[in-house]
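Spelled out from the first residue to the last, the chains are:
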Amino acid sequence: MNEGPLGWAKFYRKGVGYFAFAMHRLSGLVIVFYLYLHLFVLSHLLSGAATYNSLVTSITYGPYDSFLVLDVLLALVIFYHGANGTRLALNEMGIGLKNHKVMFYFFESIAVVILGVFLYYAYMFIGAA
Amino acid sequence: MTEAEMKYNSRRRVTGSVSRMFQAASGLFLIFFVGVHLYVAHIDFGHPIQFFNQVIQNMHNPWWLAFFIVFVWVISYHAVNGLGGILKDLNMSQKAKGYLNYALVALYFVTVVYGTILAVLVARIAVPA
Amino acid sequence: MEEMVFEIKRTDENGNMKTQSYNVPKDKVSTVLEALLYIKENLDHSLSFRYSCRMEICGSCAMEINGKPHMACSTTTDSLKGQKVTVAPLKHFKVIRDLAVDIDGFLEKYRAVKPYVIRDDDGKYDSEILQTPEQFHEYLDYSLCIKCGICMAACPIEGSDPNYLGPAPLAAAWRYIADNRDQGKKYRLEIVSGEEGTSRCHFAGECTEACPKGVDPSFAIQKLRSSMVGLEFQRLFRRR
């Protein structure tokens with residue numbers, strides 16, 4: 001009778017709104033997790049330059065540079081959440097309610113383009129050092 | 001009032017649309033905050049990269065300090081409210097929802113206080129030579 | 001003769017579930033409801049399901065057909081891909097037996113939103129209340145609801161929390177609030193904007209996708225929210 005939260009993830013063969021809803025939840029949870037991880041990493045600033053720099057260098061240039069893959073995924077998730085969130089916020093104010101599916105594709109396309117540009121410059125930035 | 005109306009009537013909390021509106025508004029603010037933050041931290045953050053020094057120097061600027069403190073306040077609100085929105089969709093008793101509300105408010109304050117103290121402490125570290 | 005296989009998820013009076021298959025000749029039936037009736041008449045008299053009008057008006061025969069909620073009467077066998085059809089009771093409802101589900105909880109939620117015109121003058125008005133065609137079309141679509149419960153089965157939030165009012169009751173609330181003769185918005189605020197109300201909708205929009213009558217509950221819920229914001233602010237700052 002009761003599907004439970006697993007039902008949220010069953011977007012197969014459903015409308016695009018359902019996919020947007022399921023992914024918005026998932027990406028939101030990922031970002032909340034990252035928010036606290038970020039605060040944890042930033043707390044190392046208080047331990048001085050050596051500790052903080054070695055931590056950040058290890059996850060940017062090695063030995064743990066495979067974290068960069070997760071960073072790219074995180075950027076994807078943030079851009080997705082932002083684009084879909086913009087659509088939801090506009091719908092909340094009554095803008096584009098009848099065209100919310102078109103708006104989903106529109107905002108997601110913009111987000112993908114900005115994500116590409118961002119990743120390119122971020123990569124150049126790391127490589128420049 | 002009929003029995004059905006009694007069951008679904010909530011005298012305590014009739015702020016459903018207002019809280020959704022705040023969530024949407026804070027989300028739109030965060031697009032700006034996250035955009036600036038990603039640009040500053042991943043694209044234009046000093047060349048060559050000086051992780052620790054650059055962060056400390058940045059935080060010595062009172063405008064950046066204020067930016068990050070407001071950022072922490074808004075993103076924590078958005079995160080905690082969003083997390084609560086997901087948790088309340090689980091099948092919980094009224095009592096459990098009451099406890100959940102307290103827990104979320106506590107989580108919000110802990111995050112905000114920790115984030116603010118961290119930002120202020122980092123801003124007080126002397127700039128390394 | 002070409003046959004279709006109907007795999008039906010059955011539940012007996014003790015709550016035991018099993019899946020049973022029936023072969024139905026394709027040229028004898030044209031809709032899923034007719035196939036069920038064929039099975040009941042010719043193959044298995046014990047099969048239970050609810051139906052009445054056979055023309056998508058009564059809202060009785062909603063069920064899961066190939067994993068999605070549909071009206072059995074308006075789902076033609078031609079529209080189904082493949083020779084195998086799975087039929088299950090409507091999701092998010094308590095099963096009474098086989099394909100018949102208990103809709104009492106749903107109707108109780110429906111009643112909770114006061115689905116009738118509320119007047120401040122208690123109906124003691126002297127002249128006719130006029131309505132322009134534009135005002136009529138404001139709510140017409142939402143009055144087409146047949147209370148079949150398909151949107152409730154499609155809603156992901158309804159699936160995880162049965163206390164959420166759900167798409168159909170909230171669309172009904174909007175049907176009356178959008179009606180220019182109705183003055184009951186302030187009386188519906190506590191139910192519609194309460195903890196089990198519109199704030200629980202996250203705009204997955206599956207209710208609108210699934211509705212057989214073209215009602216747009218997700219649109220109605222968004223409109224309810226934006227129309228309730230002002231009243232909620234007034235409540236927040238009003239002294240008690």
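Nothing here was measured: the structure is a model prediction, and the numbers come from that model.

Colleague: I would appreciate a short explanation of the overall build of chain B in the present structure.
Modeller: What chain B contains, in helices and strands, is five helices and zero strands. Written out in order from the N terminus, the α and β elements of chain B read α-α-α-α-α. The 129 residues of chain B split such that 23% are buried. Look at the contacts in chain B between residues 6 or more apart in sequence, and 83% of them connect residues 24 or more apart.

Colleague: Any chance you could explain the interface of chain B and chain A here in plain terms?
Modeller: Accessible area lost when the parts come together is the quantity often used to give the size of an interface. Taken together, the contacts link 29 residues of chain B with 28 residues of chain A. If you list the elements that add at least two residues to the side of chain B that touches chain A, you get α2 (16-42), α3 (51-60), α4 (62-87) and α5 (94-124) of chain B. When residues of the side of chain B that touches chain A are assigned to their parent elements, the largest contribution, nine residues, is made by α2 of chain B. In terms of residue class, the side of chain B that touches chain A is made up of 22 nonpolar, six polar and one charged.

Colleague: Can you walk me through the sheet that holds strand β5 (residues 84-88) of chain C in this structure?
Modeller: Paired through their backbone hydrogen bonds, the strands of a sheet run either parallel or antiparallel. Residue and element names in this part refer to chain C. The strand order across the open sheet formed by five strands is β2-β1-β5-β3-β4, and the pairing between neighbours is mixed. The open sheet terminates on both sides in strands that have one partner only, identified here as β2 (17-25) and β4 (68-71). For this sheet the average axis-to-axis angle between neighbouring strands, irrespective of direction, equals 35 degrees. On top of the sheet, helix α1 (residues 32-43) reaches β1 (3-11), β2, β3 (62-65) and β5; it is set at about 95 degrees to β2, its chief contact.

Colleague: Mind showing me how you'd approach the domain arrangement of chain C here?
Modeller: All names here are of chain C. For chain C, the domain assignment lists domain 1 (3-102) and domain 2 (104-237). Each of domain 1 and domain 2 was reduced to a C-alpha centroid, and the two centroids are 30 Å apart. Here the residues of the side of domain 1 that touches domain 2 sort into seven nonpolar, three polar and three charged.

Colleague: Could you clarify how one ought to interpret the environment of Val112 of chain B in this entry?
Modeller: All names here are of chain B. Relative to the helices and strands, Val112 is located in helix α5. With 18 C-beta atoms counted inside 10 Å, the residue Val112 sits in the partly exposed group. Along the backbone, Val112 and Val14 are 98 residues apart, and their C-alpha atoms lie at a distance of 26 Å. Residue contacts for Val112: discarding those within four places in its chain leaves Val72, Trp73 and Ser76.

Colleague: How should I be thinking about the environment of Ser26 of chain B in this particular structure?
Modeller: Residue and element names in this part refer to chain B. Structurally, Ser26 can be placed in helix α2. For Ser26, a count of 21 C-beta atoms within 10 Å corresponds to the buried category. Put simply, Ser26 and Val72 are 46 residues apart on the chain and 12 Å apart in space, counted from C-alpha to C-alpha. Those residues in contact with Ser26 that lie beyond four places of it in its chain are Val74, Tyr77 and His78.

Colleague: Sorry if this is basic, but what is going on with unusual backbone geometry here?
Modeller: For residues besides glycine, phi is generally negative; the peptide bonds are generally trans as well. The phi angle at Arg54 of chain C is positive, at roughly 65 degrees, despite the residue not being glycine. Even without being a glycine, Lys147 of chain C presents a positive backbone phi close to 55 degrees.

Scoring rules and cut-offs
- Residues numbered from 1 in each chain as written.
- Chains lettered and ligands numbered in written order.
- Predicted model: local features only at pLDDT ≥ 70, side-chain atom pairs only at ≥ 80, totals over all residues.
- Helix = DSSP H or I, 4+ residues; strand = E, 2+ residues; numbered from the N terminus.
- Buried ≥ 20, exposed ≤ 12 C-beta atoms within 10 Å, placed from the backbone.
- Contact = placed C-beta atoms within 7 Å.
- Nonpolar A, V, L, I, M, F, W, Y, C, P; charged D, E, K, R; others polar.
- Pairing = 2+ DSSP bridges.
- Axes fitted to C-alpha atoms, helices over the stretch in contact; angles between N-to-C directions.
- Domains from an automatic or database assignment.

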